[in-house]
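# Observations on the three-dimensional arrangement
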Amino acid sequence: MAGGKDGVGEVRIKPAELHAFTMAICRADGSSAEEAKLVADHLVLANLFGHDSHGVGMMPSYIQNTTTGRCTRNHHAKIIKDNGAVIVIDGGAGYGQVIAKEAMDIGIERAKKNGVCVVGLTNSHHIGRIGHWAEQCARAGLVSTHWVNVHGHKSLVAPFGGAEPRFTTNPYCTAVPRKGKEPIVLDFATSQVAMGKVRVANNKKVQMEEGLLIDSKGNPTTDPGVMYNPPFGAILPFGLHKGGGLAVICDLLAGALTGGRTHSPRTIKKDGHDIINNMLSIIIDPAAMGGTEFFEDEVETFITWVKSAKPQPGVKEVLAPGEPERARRADREKNGVPIDTTTWQQLVEVARKVRLNDTDIPHTVAA
Ligand code: NAD
């Protein structure tokens, strides 16, 4: 994505220290130990997987939102409609890392019982990297597919052919468990890039690749600043009319079908700082369909076949969805998590804001 030698620098920090620091910020802000751990587990894993857009760099927004009441600390998922295999959960703007985990716990239990569970998760504060929730289902041996929208936040992404934003980065995710192996996890924003990656590029003061952003007139630009300084531009949807269509479907399924709300003038908040996610999850037990053994065997046969394709020139290996993240994790576990210095500075400021001592701020090394 973003590159360039004139950007700001990076520091590296050991994952365990980053985890302890993130937990300490949450605890000092008033979260329970359990909530702080879930938030730190989620954000640090996103960094380890290379999705810095959804890593600890989210903490300043989270603390801003707990301070203003847009995110409710120590809140839990509440079932508001129960049809057995179809449930609706209200998140009450609680920390998404708690609410989505609890929603998936319930969905997993129901899917094991009924063969399937459709979970409408509504009104949760930011649920971060959606793969995290699909991986929770996969660890229980279940296939799951997730459609997500965002409201409250200002519009970021233009519809296909549009010169103005009309929704946000609406992620889609499906995970398929494998016997004795890490799952297949396809997890992406339906925008050309996640907004967090624009934030990272803006923090690093680097230009982005062509084809990701438009300016306020709808013309192509590589300047991440168009998302931060008026007149505002927009992020393009991925995959032309197909990705643009998928983004629209995410809002309809996660926002309209679940009873959450779609992204529209009725839900956009004036200051645009809310990050409320709704998610439609369909969790399926392979045992209730072709049978677990059949499923596991077919998954292995198919993935082996797919990966056996001769790589294109310049490509080392054909990878399955989820493999790039695990390769990055191995590297970052060993060499530390790189964080741009602007993001690091913002984290240090937020630590001071919640009155952590300087001794609680970990040492970093220049990357
Ligand atoms: P991305 O463009 O990096 O795509 C990631 C997906 O593509 C992964 O499944 C990955 O395994 C797969 N992939 C990448 N390279 C591959 C290769 N060479 N071969 C095979 N598969 C490959 O992801 P993104 O759009 O930047 O999204 C980043 C994260 O942001 C996601 O985890 C998403 O859930 C999250 N997100 C969350 C929200 C929210 O509101 N909570 C909004 C937007 C995005």
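Values in this document were obtained by computation on a predicted structure and should not be read as measured data.

### Concerning the side chain of threonine 190
Topologically, threonine 190 is positioned in the loop between β7 (181–189) and α6 (195–204). Judged by relative accessible area, which is 0%, threonine 190 ranks as buried. Leaving out residues up to four positions away in the same chain, threonine 190 has contacts with Thr169, Asn170, Pro171, Tyr172, Pro237, Phe238, Gly243, Leu246, Ala247 and Cys250.

### Re the sheet that holds strand β8 (residues 213–214)
Read across the open sheet, the three strands follow the order β9-β8-β10; overall the sheet is antiparallel. What marks the edges here is a single partner per strand, and that holds for β9 (220–221) and β10 (234–235). In terms of strand pairing, β8 meets β9 through two bridges, oriented antiparallel. Of the residues in β9, the one forming a bridge with isoleucine 214 is proline 220.

### Quick notes on the environment of glycine 9
With respect to the helices, strands and loops of the structure, glycine 9 is situated in the segment before β1 (10–13). Under the relative-accessibility criterion, glycine 9 is labelled partly exposed at 36%. Along the backbone, glycine 9 and phenylalanine 294 are 285 residues apart, and their C-alpha atoms lie at a distance of 50 Å. Apart from residues no more than four positions distant in its own chain, glycine 9 is found in contact with Ile339, Asp340 and Thr341.

### Considering helix α9 (residues 323–335)
For α9, with 13 residues, the first-to-last C-alpha span of 19 Å sits near the 18 Å given by 1.5 Å per residue. Within α9, burial applies to Glu323, Glu325 and Arg332. Against the buried residues of α9 lie α1 (15–28), α2 (33–48), α8 (292–307) and β12 (337–340). At the exit of α9 stands glycine 336, carrying a positive phi of roughly 95°.

### Observations concerning the site of the ligand
Around the ligand, the surrounding shell holds 22 residues, and the nearest of these are Arg129, Asp187, Lys197, Gly322 and Glu325. In this structure, a nitrogen atom belonging to the ligand sits 3.4 Å away from a side-chain N or O atom of histidine 126. Note that an oxygen atom of the ligand is positioned 2.6 Å from one of the side-chain N or O atoms of lysine 197. Sorting the residues of the shell around the ligand by element identifies β7 and α9 as the ones contributing at least two each. Ranked by residue count, the leading element in the shell around the ligand is β7, at five residues. A per-class count over the shell around the ligand returns 11 nonpolar, seven polar and four charged.

### Details of the nonpolar core
Judged by nonpolar contacts, the single largest core of 32 residues is most densely connected at Leu18, Phe21, Ile25, Met59, Tyr95, Ile339 and Trp344. For this core, the secondary structure elements donating two or more residues are β1, α1, α2, α3 (59–68), β12 and α10 (341–353). Here this core takes six residues from α2, the largest share from any one element. Apart from the residues within four sequence positions on either side, leucine 18 is in contact with Ile13, Val44, Asn47, Val56, Val337, Ile339 and Trp344. Ile108, Leu121, Ile130 and Cys173 belong to the second largest nonpolar core, which has 23 residues in total.

### Here we look at the side chain of threonine 258
Tracing the backbone through its elements, the reader meets threonine 258 in the loop between α7 (240–257) and β11 (276–284). Classification of threonine 258 as buried rests on a relative accessible area of 7%. Of note is the side chain of threonine 258, whose polar atom sits 2.5 Å from the backbone oxygen of alanine 254. Here the side chain of threonine 258 touches glycine 260 through a polar contact of 2.9 Å, landing on its backbone nitrogen. Apart from the residues lying within four places of it in its own chain, the contact partners of threonine 258 are Val88, Gly120, Thr122, Leu253, Asn278, Met279 and Leu280.

What counts, and at which threshold
- Residues numbered from 1 in each chain as written.
- Predicted model: local features only at pLDDT ≥ 70, side-chain atom pairs only at ≥ 80, totals over all residues.
- Heavy atoms only, no water.
- Helix = DSSP H or I, 4+ residues; strand = E, 2+ residues; numbered from the N terminus.
- Buried < 20%, exposed > 50% of the residue type's maximum accessible area, 1.4 Å probe, protein only.
- Contact = heavy atoms within 4.5 Å.
- Pairing = 2+ DSSP bridges.
- Expected span 1.5 Å × (residues − 1).
- Near = heavy atom within 4 Å.
- Polar contact = N/O pair within 3.5 Å; in protein donor to acceptor, adjacent residues only side chain to side chain.
- Nonpolar A, V, L, I, M, F, W, Y, C, P; charged D, E, K, R; others polar.
- Core = buried A, V, L, I, M, F, W, Y, C linked by side-chain atoms within 4.5 Å.

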